[in-house]
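Now for the letters of each chain:
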2 protein chains.
Amino acid sequence: MSAFKLFINRLSTIHLIVLFYLFAVLFSTILISIPYFHQTGVGLSFIDTLFTAVSAISVTGLTVVSTAETFNAVGKVVLAIILQFGGIGIMTLGTFIWIILGKKVGLRGRQLIKIDQNRTTFSGLVKLMISIFKIILIIELFGTIVLSTYFLSYFDTWQEALLQGFFGAVSATTNAGFDITGSSLIPFAHDYFVQFINMVLLILGAIGFPVLIEVQDLLSGNYRDINNKYHFSLFTKITSFTFFSLLLAGWLAIYVLERNAFLADKLWHEKIFYSLFQSVTTRNGGLATMDVSDFTIPTLLVICILMFIGASPSSVGGGIRTTTFAIMLLAILNHAKGKSSIKVYGREIDPDDINRSFIVITTAIMLCATAIIFLASIEPFPIIEIIFEVCSAFGTTGLSMGITSELSTIGKCVIIFMMFVGRIGIFSFLFLMRGKETRDLYHYPKEKVIIG
Amino acid sequence: MSAFKLFINRLSTIHLIVLFYLFAVLFSTILISIPYFHQTGVGLSFIDTLFTAVSAISVTGLTVVSTAETFNAVGKVVLAIILQFGGIGIMTLGTFIWIILGKKVGLRGRQLIKIDQNRTTFSGLVKLMISIFKIILIIELFGTIVLSTYFLSYFDTWQEALLQGFFGAVSATTNAGFDITGSSLIPFAHDYFVQFINMVLLILGAIGFPVLIEVQDLLSGNYRDINNKYHFSLFTKITSFTFFSLLLAGWLAIYVLERNAFLADKLWHEKIFYSLFQSVTTRNGGLATMDVSDFTIPTLLVICILMFIGASPSSVGGGIRTTTFAIMLLAILNHAKGKSSIKVYGREIDPDDINRSFIVITTAIMLCATAIIFLASIEPFPIIEIIFEVCSAFGTTGLSMGITSELSTIGKCVIIFMMFVGRIGIFSFLFLMRGKETRDLYHYPKEKVIIG
Ligand SMILES: [K+]
Ligand SMILES: [K+]
């Protein structure tokens, strides 16, 4: 065995993931800093280069410089490739963590991923990455063709239409939220076709890789039972239900809260599309068809919560993830009903998963609260803009009320940290700080205490 | 058995508690509305009467009218008596819930409370109330004597000094936060003796009844083991440690965050006492030696978190309670360390308690967030003032940035609801909505899902 393989084998998978990210950030930082990729006369400070690299690798989309004005055509393609690998890396690793940490994943899960669960090898990771790569590439190809063709009527040259279509498709599918229009999707605020295609791409990227694989299986007729019926996994059912429930709830909340404010003077179809698109984008996209600063504070807080929850696990999205939120709600409801186990879709939730969900949520809340209070003590911006920025970074959403580029260097470092944690996930973050798992060699008597 | 006893026996204890509160609120509302207790020419609207009654019964201390200017001397004594019963009722019922729901409470717990744990009878509740009444009365008597004597130099007549001393002692011990000076403890901003006595009374009221009982046992030499050593319960150790840790953390945070702001032009002893007193008061007191609106936003957010956590269970305080917060932190730390059980002070925490803590915290956060967003959508005040008001109501702390009396009627109803829930506790709140506890008659196969 080579020295490299020996080194890799001695690391836990989570350490490997973090190493992967650090390496990816380093590589992207160097790549982005090369003047050849910049527009003539544009310079980038180190912190801004690092910020852009972390934002791209974590497919967050918060930007301290205008992508359109900083990078030339080649630079934009390079950025799209970084987004591509950022997005795919995240999906791969998210799924991988699931396989490794969720020891009880059924046979189907292992078949899907086509790796041996007991061997956390490098080759397994590569195989998984290739199968994800294929799915993502097909989605992006579809997006690029549709958007580029359509953009021929928007832009003067076919080259520009192709670049915009390609970048738009990659940015939407990876939920990166980067834009090269200079103002997100605001130019398409009244083009419902572009919005529709973008929403489809955003949802496909954020719904989670296992869901995509299972839908592919369903369509191709694989894995049907003797009655020729396809069975979705519990994960797919919970995450899809939660994903679309959040989407609908966000749509409704934005519509109701803004009906007398931002939406007051809009036509009925504008009301529908403005609220729908902004709800979809909070799942993880970060693209916007309007300036979110125009929303009222209650709407902004709702968006903060939606960004904090984020997308499905094993997707390109961040935040605490949909399943974590769903299991918390189920646990509270079941407790209130006096039931001892959570039954859903003819299955029971593992008590370990309930415990994990609560740990992830409370840790995430404490982390975000700390970041908000710290930023509020060093930055001069209104508190709502800081809350919004932190939730957007943790959810790797990339929406902003506009303070990103005005943050101090320390402030940028805090946001970089939040994007990083939001990306690798609280669960991996806690695992990073984890010692060796220990079996209890002794026990103390249990004693009850009074709870709230 | 009489019809009344039959009715009482058919209700669960938690229903009984809520009935008690509703009855107490009704009775107080009627009492407070009697013009005989008002200053001449002062009228009170229904919503303001109800608000004052709920605030008094829940010993929160948020006020929509000036207590000093609304009530005459007799009215102030009546209010003090309502606070008294509110505070004692809460301690009694809090302890009672502990006894009833914490089935595994040790023999000592039952001895302390001197009731049979399996009989949730009315007489047990009365016995408990009397023993709490005695302790509280002794503390208040001490406070009244010290403060009244000292106040002889502040006020013109001994009657006024006695009224101020009596009301001050009751308001501090029950952590009610009501004041009849017209401006909380601001007149004593430079009187460290009054502040010290107030802090002692606040802490004794908020530290929790079981702690007081155990300290009493320690001092009287009861319950010593064969080595003549006294053993505190796990509850007393956890809640005391958390209580004083939060107090210190708050002191430090306020000091650091305000050293260049509110505290910038203050003398060193003023810096110490302003930050210390405001930290103590966030545990539950609600009295203040300054206008909290003068603090910067980061400090206000820290105070919001401290108020949200609140005081010890089985105390006069509200919020999620210290033990709930402590167990959450321990669970996260233990998870990060890869340990499967929480060992603390030579005991293990019951897994049920861990689950309960997480449920209480997440439910509380969702409730407060909903209240904040709802209030933000109907009230014109800055978001920080709304966040502060909601946290203060839920923690039954009673600090305010000054918007309480300007809230709309619906806004006042929201705050009334939050005070009520903060008082009975999330745990009882969830229990209220609970169906019959069901044993699982069947099980589904367990299936893992991916968590954040
Ligand atoms: K994003
Ligand atoms: K209070």
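Before any of the text, the structure's been laid out above.
The structure contained in this document is the topic of the report that follows. Bear in mind that the values here come from a model prediction, so they are computed numbers and not experimental data.

With respect to the overall build of chain A
Right, on to step 1. Looking only at helices and strands, chain A features 18 helices and three strands.
Right, on to step 2. For chain A, the share of sequence-separated contacts (at least 6 apart) that also reach a separation of at least 24 residues comes to 73%.
Right, on to step 3. Just so you have it, chain A exposes about 18,400 Å², and 67% of that area is on carbon and sulfur atoms.

Observations regarding the coordination of the potassium ion (ligand 1)
All names here are of chain A.
Right, on to step 1. Within the protein, Val59 (O), Thr60 (O), Asn175 (O), Asn284 (O), Thr396 (O) and Thr397 (O) serve as the donor atoms for the potassium ion (ligand 1), at 2.4 to 2.8 Å.
Right, on to step 2. Coordination at the potassium ion (ligand 1) is irregular, judged from the six donor atoms that bind it and the angles of 65 to 144° they form at the metal.
Right, on to step 3. Along the chain, the residues donating to the potassium ion (ligand 1) are arranged with the sequence spacing V-T-x114-N-x108-N-x111-T-T. You can see Asn284 sitting in helix α12 (residues 268–285) and its partner Thr396 sitting in the loop between α16 (383–394) and α17 (409–424), a full 112 residues away along the chain.
Right, on to step 4. The buried category is assigned to Asn284, whose relative accessible area is 0%.

Overview of the coordination of the potassium ion (ligand 2)
Residues and elements named next belong to chain B.
Right, on to step 1. All of the protein donors around the potassium ion (ligand 2) are Val59 (O), Thr60 (O), Asn175 (O), Asn284 (O), Thr396 (O) and Thr397 (O); their distances to the metal are 2.4 to 2.8 Å.
Right, on to step 2. Around the potassium ion (ligand 2), the six donor atoms are arranged such that angles at the metal cover 64 to 143°; this shape is classified as irregular.
Right, on to step 3. Mapped onto the sequence, the donors of the potassium ion (ligand 2) take the spacing V-T-x114-N-x108-N-x111-T-T.

Description of unusual backbone geometry
Residue and element names in this part refer to chain A.
Right, on to step 1. Even without being a glycine, Val59 presents a positive backbone phi close to 40°.
Right, on to step 2. As for its placement among the helices and strands, Val59 is situated in the loop between α3 (46–57) and α4 (67–70).
Right, on to step 3. Judged by relative accessible area, which is 0%, Val59 ranks as buried.

Thoughts on a nonpolar patch on the surface
Right, on to step 1. A surface patch of nonpolar side chains, about 290 Å² in accessible area, is lined by Ile34, Tyr36 and Val74 of chain A.
Right, on to step 2. Of note, Val74 of chain A is situated in helix α5 (residues 73–101).

What to know about the environment of Asp265 of chain A
All names here are of chain A.
Right, on to step 1. Within the fold, Asp265 resides in the loop between α11 (234–258) and α12.
Right, on to step 2. Its relative accessible area of 63% is what places Asp265 among the exposed residues.
Right, on to step 3. Side-chain polar atoms of Asp265 contact the side chain of Lys266, separated by 3.1 Å.

Considering the packing of helix α14 (residues 322–336) of chain A against helix α15 (residues 351–378) of chain A
All names here are of chain A.
Right, on to step 1. At a closest axis distance of 9 Å, the pairing of α14 and α15 adopts a crossing angle of 110°. Accordingly, the angle class assigned to the pair α14 and α15 is roughly perpendicular. Our pair here, α14 against α15, has a crossing hand that is left-handed. Where α14 approaches α15, its residues Thr324, Phe325, Ile327, Met328 and Ala331 are matched on the opposing element by Asp353, Ile354, Ser357, Phe358, Val360 and Ile361.
Right, on to step 2. Looking at side-chain class alone, the contact of α14 with α15 contains eight nonpolar, two polar and one charged residues.

Concerning the state of the cysteines
The term disulfide refers to a covalent linkage connecting the sulfur atoms of a pair of cysteines.
Residue and element names in this part refer to chain A.
Right, on to step 1. Overall, the coordinates contain zero disulfides over all chains when judged by the stated rule.
Right, on to step 2. In this structure Cys304 is a free cysteine whose sulfur lies 4.2 Å from that of Cys391, the closest cysteine sulfur available.
Right, on to step 3. The buried category is assigned to Cys304, whose relative accessible area is 3%.
Right, on to step 4. This cysteine, Cys368, is not joined by any disulfide, and Cys391 carries the nearest cysteine sulfur, 5.4 Å off.
Right, on to step 5. Look at Cys368 and you get buried, because its relative accessible area is 5%.

As for the side chain of Lys266 of chain A
Residue and element names in this part refer to chain A.
Right, on to step 1. Its place among the elements puts Lys266 in the loop between α11 and α12.
Right, on to step 2. At 3.1 Å, the side chain of Lys266 and the backbone oxygen of Phe262 are in polar contact.
Right, on to step 3. If we ignore the near neighbours within four places in the chain, the residues touching Lys266 are Lys271 and Tyr274.

Digging into the pattern of salt bridges
Any two side chains of opposite charge can pair, so long as their charged atoms come close to each other.
Right, on to step 1. Applying the stated rule across the entire model yields six salt bridges over all chains.
Right, on to step 2. Its salt-bridge partner being Lys266 of chain B, residue Asp265 of chain B comes within 3.1 Å of it at the nearest N-O pair.

Observations regarding helix α9 (residues 192–206) of chain B
Residues and elements named next belong to chain B.
Right, on to step 1. Helix length check: α9 (15 residues) gives 21 Å between terminal C-alpha atoms against 21 Å at 1.5 Å per residue, within 8%.
Right, on to step 2. Listing the buried residues of α9 in full gives Val194, Gln195, Ile197, Asn198, Met199, Leu201, Leu202, Ile203, Gly205 and Ala206.
Right, on to step 3. For α9, the N-terminal cap is Asp191; the gap from its side-chain oxygen to the backbone nitrogen of Phe193 is 3.1 Å.
Right, on to step 4. Just past α9, the residue Gly208 takes up positive phi, approximately 105°.

Looking at the environment of Ser357 of chain B
Residue and element names in this part refer to chain B.
Right, on to step 1. Within the secondary structure, Ser357 is located in helix α15 (residues 351–378).
Right, on to step 2. A residue is classified by how much of its surface remains accessible, and Ser357, at 0% relative accessible area, is buried.
Right, on to step 3. Through-space distance from the C-alpha of Ser357 to that of Phe325 is 7.3 Å; in sequence the pair is 32 residues apart.

Notes on the packing of aromatic side chains
Right, on to step 1. Applying the stated criterion across every chain, the model contains 31 aromatic pairs over all chains.
Right, on to step 2. Plain terms: the ring middles of Tyr192 of chain A and Phe273 of chain A are 4.0 Å apart, the flat faces sit at 15° to each other, and that makes the pair stacked. Highlighted residues: Tyr192 of chain A in helix α9 (residues 192–206) and Phe273 of chain A in helix α12, separated in sequence by 81 residues.
Right, on to step 3. Between the aromatic rings of Phe151 of chain B and Phe155 of chain B, the centroid separation amounts to 5.5 Å while the plane-to-plane angle is 80°, which identifies the pairing as edge-to-face.
Right, on to step 4. Members of the aromatic cluster, connected to one another through ring pairs, are Tyr150, Phe151, Tyr154, Phe155, Phe188 and Phe193 of chain A.
Right, on to step 5. Note that Lys266 of chain A overlies the ring of Phe262 of chain A, its terminal NZ or CZ placed 4.3 Å from the centroid.

Quick notes on the rules
Residues numbered from 1 in each chain as written. Chains lettered and ligands numbered in written order. Predicted model: local features only at pLDDT ≥ 70, side-chain atom pairs only at ≥ 80, totals over all residues. Heavy atoms only, no water. Helix = DSSP H or I, 4+ residues; strand = E, 2+ residues; numbered from the N terminus. Contact = heavy atoms within 4.5 Å. Areas by Shrake-Rupley, 256 points an atom, 1.4 Å probe, with all protein chains shown as cover. Donors = N, O, S within 2.8 Å, 3.2 Å for Na, K, Ca; no water. Tetrahedral: all angles 85-135°; square planar, octahedral: opposite > 155°, others 65-115°. Buried < 20%, exposed > 50% of the residue type's maximum accessible area, 1.4 Å probe, protein only. Patch = residues over 30% accessible without salt bridge, like charges linked within 9 Å, V, L, I, M, F, W, Y side chains within 5 Å. Salt bridge = Lys/Arg side-chain N within 4 Å of Asp/Glu carboxyl O. Polar contact = N/O pair within 3.5 Å; in protein donor to acceptor, adjacent residues only side chain to side chain. Axes fitted to C-alpha atoms, helices over the stretch in contact; angles between N-to-C directions. Parallel < 35°, antiparallel > 145°, perpendicular 65-115°, else oblique. Left-handed = near helix turned anticlockwise from the far one by under 90°. Nonpolar A, V, L, I, M, F, W, Y, C, P; charged D, E, K, R; others polar. Disulfide = S-S within 2.5 Å. Expected span 1.5 Å × (residues − 1). Phe/Tyr/Trp six-rings, centres within 6.5 Å; stacked < 30°, edge-to-face > 60°. Lys NZ or Arg CZ within 6 Å of the ring centre and 35° of its normal.

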